[in-house]
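Architecture and fold: a report
As a plain string of letters, each chain reads:
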Amino acid sequence: MKNDARTRLGRVGIWTFAYEGQPAGRVRESAAELEELGYGAIWHGEAFGRDTVGQAWLVLSATRRITVASGIANIAFRDPIAMANATRTLGEAFPGRYLLGLGGHRVDDTVHEVDDYPVPARGKALATMRAYLDAMDATPAHGPVPTPAPRRVLAALGPKMLQLAAERTWGAHPYFVPVEHTAQARTIMGPDAFLGVEQAVVLDTDLGRAREVATAHVAGYVAMAPHQQANVRRLGFGDADVTGGPSRRLVDAIVAYGGTEAIRRRVRAHLDAGADHVCLQVLTADPTTLPEQEWRELASALVPPPPASDPHRATMS
């Protein structure tokens, strides 16, 4: 079953926040095209736009085969019973196609705000996530229960969370990580756990312009996401890399930019380091628009037409 699920997910997917700000009709059209382009999965983030459960239902209902993954559902936004029942509902309605990613934990109790609204947070990351999984598992079912149940992954970065992901879920979905982290994660989790890595990319052969977009992306995370800064420091990046704006070394490690060949090399590096799947987050100068042309070009370069005997697989040649 594990191999069947990996085959369905494929090697290459799309990760996006862009659906949050789009009307439902545009999301449906876009998701249907991504499926036809041959991608194995659509991963969607969750911030203050469309709720992750509604987003998953919208994308699943607009497609027929592709895996739809919450990347991630923030555990601070809903109680475990709500998440458990929503997951069962999606799993029953769309058998074998929904993948639940859980995350949103913090490194401390600092309250962050978006548009003057305090972002909900929970306690210590490891204990909080373990308790959340326990509560989901204990939630009684008074409706249809899908068989098999939808798979779960954790937004794991540090060694202990990666271990928990391997022990309690299908695996891990690391975000904002270099290839070195992928190799470490595979060693920590062992050979059987699923490892689906997000990779930010800028598809632009004007390297100066591409680097500007990449730098802005990295700067936002090292400034506003303490868990991401802690992770890159754990990987050997220091004050010179994260203070006063990200260093070129850090930007180049986190974002692949240039033409399709540069992005292909980065995807291959993650796969060679132990990733089962790489989901590409396309960055542009205008994050409010859908990067549809870039998605099409990347599909042509990275996602060959699947063989007739394996209609679900998105592969790297």
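All residue numbers refer to position in the chain's written sequence, counted from 1. Per-residue local features of the predicted model are confined to residues with pLDDT of at least 70, and side-chain atom pairs are confined, for both listing and counting, to 80 or more; whole-chain, interface and lining totals are unaffected and use all residues. Excluding hydrogens and water, the side-chain figures rest on all heavy atoms present in the structure.

**Remarks on the packing of aromatic side chains**
The test is simple: Put simply, two rings from Phe, Tyr or Trp (the six-membered ring, in Trp's case) pair if the centres are within 6.5 Å, and we call them stacked under 30 degrees between planes, edge-to-face over 60, tilted for the rest. A helix here means a DSSP run of H or I that spans at least four residues, while a strand means a run of E at least two residues long, and both kinds are numbered starting from the N terminus. We call a residue buried when its accessible area falls under 20% of the maximum for its residue type, exposed when it is over 50%, and partly exposed in between, using a 1.4 Å probe and counting protein chains only. Two conditions define a charge located above a ring, namely a distance within 6 Å from the ring centre to NZ of Lys or CZ of Arg, and an angle within 35 degrees of the ring normal.
Summed over all chains, the structure comprises 8 aromatic pairs. Between Trp57 and Phe94 the ring centres are 5.1 Å apart and the planes differ by 80 degrees, which places this aromatic pair in the edge-to-face class. Residue Trp57 is found in helix α3 (residues 52-61), and its partner Phe94 is found in the loop between α4 (80-93) and β4 (98-103); the two are separated by 37 residues along the sequence. Judged by relative accessible area, Trp57 falls into the partly exposed class, the value being 40%. Judged by its relative accessible area of 13%, Phe94 falls in the buried class. Seen from the ring of Trp170, Arg151 lies directly overhead, with NZ or CZ sitting 5.0 Å from the centre.

**Focus on the nonpolar core**
Using the following cut-off: Put simply, buried Ala, Val, Leu, Ile, Met, Phe, Trp, Tyr and Cys residues joined by side-chain atoms within 4.5 Å make one nonpolar core. When checking whether two residues touch, look at their non-hydrogen atoms; a contact exists if any pair is within 4.5 Å.
Tyr19, Tyr39, Met83, Leu102, Ile263, Leu280 and Leu298 are the most contacted members of the largest nonpolar core, which totals 62 residues. Residue contacts for Leu298: discarding those within four places in its chain leaves Tyr39, Val201, Leu203, Thr260, Ile263, Leu280, Val282 and Val303. Counting 33 residues, the second-largest nonpolar core is a separate cluster that includes Val202, Val213, Ala225 and Tyr257.

**Focus: the packing of helix α2 (residues 24-37) against α3**
Applicable threshold: Angles run from 0 to 180 degrees between N-to-C directions of axes, and those axes are lines fitted to C-alpha atoms, restricted for helices to the stretch in contact. Any angle that is under 35 degrees is reported as roughly parallel, and any over 145 degrees as roughly antiparallel; angles of 65 to 115 degrees are reported as roughly perpendicular and all others as oblique. A clockwise turn of the near helix away from the far one marks a right-handed crossing, whereas an anticlockwise turn of less than a right angle marks a left-handed crossing. Throughout this entry, Asp, Glu, Lys and Arg are counted as charged residues, while Ala, Val, Leu, Ile, Met, Phe, Trp, Tyr, Cys and Pro are counted as nonpolar. The remaining residues, Gly among them, count as polar.
Closest axis-to-axis distance for the α2/α3 pair is 8 Å, and the angle between their directions is 50 degrees. On the basis of their axis angle, the class for α2 and α3 is oblique. Classified by chirality, the crossing of α3 by α2 is right-handed. Residues Ala24, Val27, Arg28 and Ala31 of α2 form the contact with α3, whose own contacting residues are Gln55, Leu58 and Val59. Grouping the constituent residues of the contact of α2 with α3 by class yields 5 nonpolar, 1 polar and 1 charged.

**Observations regarding the pattern of salt bridges**
Rules: In what follows, salt bridge is the name for a side-chain nitrogen of Lys or Arg lying within 4 Å of a carboxyl oxygen of Asp or Glu.
Within the structure shown, the criterion is met by 18 salt bridges. Several salt bridges share partner residues, and in doing so they unite Asp134, Asp137, Arg152 and Arg168 into one network.

**Details of α4**
Heads up, the condition is: The span expected for a helix works out to 1.5 Å for each residue beyond the first.
An ideal rise of 1.5 Å per residue puts 20 Å on 14 residues; α4 measures up with 20 Å between its terminal C-alpha atoms. Buried within α4 are the following residues: Pro80, Met83, Ala84, Ala86, Thr87, Arg88, Leu90 and Gly91. Elements in contact with the buried residues of α4: α3, β3 (67-74), β4 and α5 (125-138).

**Here we look at α3**
The condition is simple: Two N or O atoms form a polar contact when they lie within 3.5 Å of each other; inside protein one atom must be a possible hydrogen donor and the other a possible acceptor, and for residues adjacent in sequence the pair counts only when both atoms belong to side chains.
Within α3, 7 of the 10 residues are buried, which leaves the element mostly enclosed by the surrounding structure. Considered for burial, the residues of α3 that qualify are Thr52, Val53, Gln55, Ala56, Leu58, Val59 and Leu60. Buried residues in α3 make contact with α2, β2 (41-44), β3, α4 and β4. With a side-chain oxygen positioned 3.1 Å from the backbone nitrogen of Val53, the residue opening α3 is Asp51.

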